[in-house]
Amino acid sequence: MNKYILIAFAVMAMAFYELSGGADFKPGETSLVIFAEPKPYVAEPKKPAELVARADTASSTLTDIAPARAVIAPVATNIVPVVTPAALETEVELAASGDVIVLSEQAAPLIQEVATAPATQPDLRFVDGDRVNVRGGPGTEFAVVGKLFRNDMVEIINDEGNGWLHLRDTVTGDEGWIADWLVTAAN
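The structure contained in this document is the topic of the report that follows. (Residues numbered from 1 in each chain as written. Predicted model: local features only at pLDDT ≥ 70, side-chain atom pairs only at ≥ 80, totals over all residues. Heavy atoms only, no water.)

### Here we look at the overall build of the protein chain
Convention followed: Under the DSSP-based scheme used, a helix requires at least four consecutive residues in state H or I and a strand at least two consecutive residues in state E, with every element numbered from the N terminus. Relative accessible area decides the class of each residue, using a 1.4 Å probe on protein chains only: under 20% of the type maximum gives buried, over 50% gives exposed, and in between gives partly exposed. In what follows, a contact means two residues having at least one pair of non-hydrogen atoms within 4.5 Å. Calculation of accessible area relied on Shrake-Rupley with a 1.4 Å probe; when residues are assessed, cover is drawn exclusively from the protein chains displayed.
Of regular secondary structure, the protein chain possesses three helices and ten strands. Reading the protein chain from its N terminus to its C terminus gives the helix and strand order α-α-β-β-β-α-β-β-β-β-β-β-β. By residue count, 18% of the 187 residues in the protein chain fall in the buried class. In the protein chain, the share of contacts with a sequence separation of at least 24, taken over all contacts with a separation of at least 6, comes to 41%. When the accessible area of the protein chain is evaluated, it comes to approximately 15400 Å², of which 61% is carbon and sulfur surface.

Written as C-alpha cells, this is what we have:
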C-alpha cells in the first residue's frame with residue numbers, strides 16, 4: 001500500500017513539473033510587474049459612540065419575541081334580542097351591548113325575526129408556503145395569476161374537496177386557486 005502512495009506522489013510531482021513548463025520554464029516572462037507605488041493607509045477618525053436604548057429582555061425569552069399569527073376576534077353580527085312581554089310597550093335587551101330599548105307591541109316580533117337570522121363567519125386561513133402560486137383554476141394546468149407568501153391571510157370562497165381551494169386575498173381582494181395543503185386554519 002505504501003508503494004502505491006509513493007508512486008502516486010511521484011506521478012503528481014512529474015505532472016506538476018511538466019504542466020508548469022518543465023525544462024523550458026523561464027522565470028520573468030509571465031511574472032506580474034507592479035508599476036504603481038503603494039499608498040500609505042490613513043485611518044479615518046472615529047465617530048463618537050451613539051447612545052441606544054435597549055429593550056428589557058431579561059423577563060422574556062427569545063421565543064416570546066418571535067412573530068406570532070394574529071388572532072382575529074369574531075365580530076358580533078347576529079344580535080339576539082330578549083323580548084319581554086308588556087301591555088302596551090315591549091322592552092328589548094340587546095345581548096351584545098346590554099342596552100334596553102322600549103318598543104311598541106307591533107315592532108317587537110319584526111325585530112326578533114330579523115335579529116335571529118344566522119350570520120356566517122368567513123373561513124380565514126394562513127398560507128403555509130414561502131412563496132405559493134395562485135392559479136386561474138383548480139389545477140396546475142391553469143395559468144399563474146398571482147403569488148402569496150408565508151402567513152398571508154386568505155378567505156376561502158369554496159372548497160369542493162378535490163384538493164384545490166377557491167380563495168380571496170384579504171389584503172388585495174384578488175381571487176384564485178391554490179392547493180389545500182398549503183394553508184392552515186386561522187382560528
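Next comes the rest of the write-up.
### Examining the pairing of strand 7 (residues 153–159)
Short version of the rule: Paired strands, as defined in this entry, are two strands with at least two bridges between them according to DSSP.
Inspection of the sheet shows strand 4 (residues 123–127) paired to strand 7 by four bridges, in the antiparallel sense. Looking at the pairing, aspartate 123 lines up with isoleucine 156 of strand 7. Sheet analysis places strand 7 next to strand 8 (residues 164–169), joined by five bridges and oriented antiparallel. Across the sheet, the residue bridging to isoleucine 156 is leucine 167, located in strand 8.

### A short note on helix 1 (residues 2–19)
What counts is decided by this rule: A helix is expected to span 1.5 Å multiplied by its residue count minus one.
Relative to the 26 Å expected for 18 residues at 1.5 Å per residue, helix 1 spans 26 Å between its end C-alpha atoms, a close match to the ideal helical length. Taken across its 18 residues, helix 1 has zero buried, putting it largely on the surface. Within two residues after helix 1, glycine 21 carries a phi angle of roughly 125 degrees, on the positive side.

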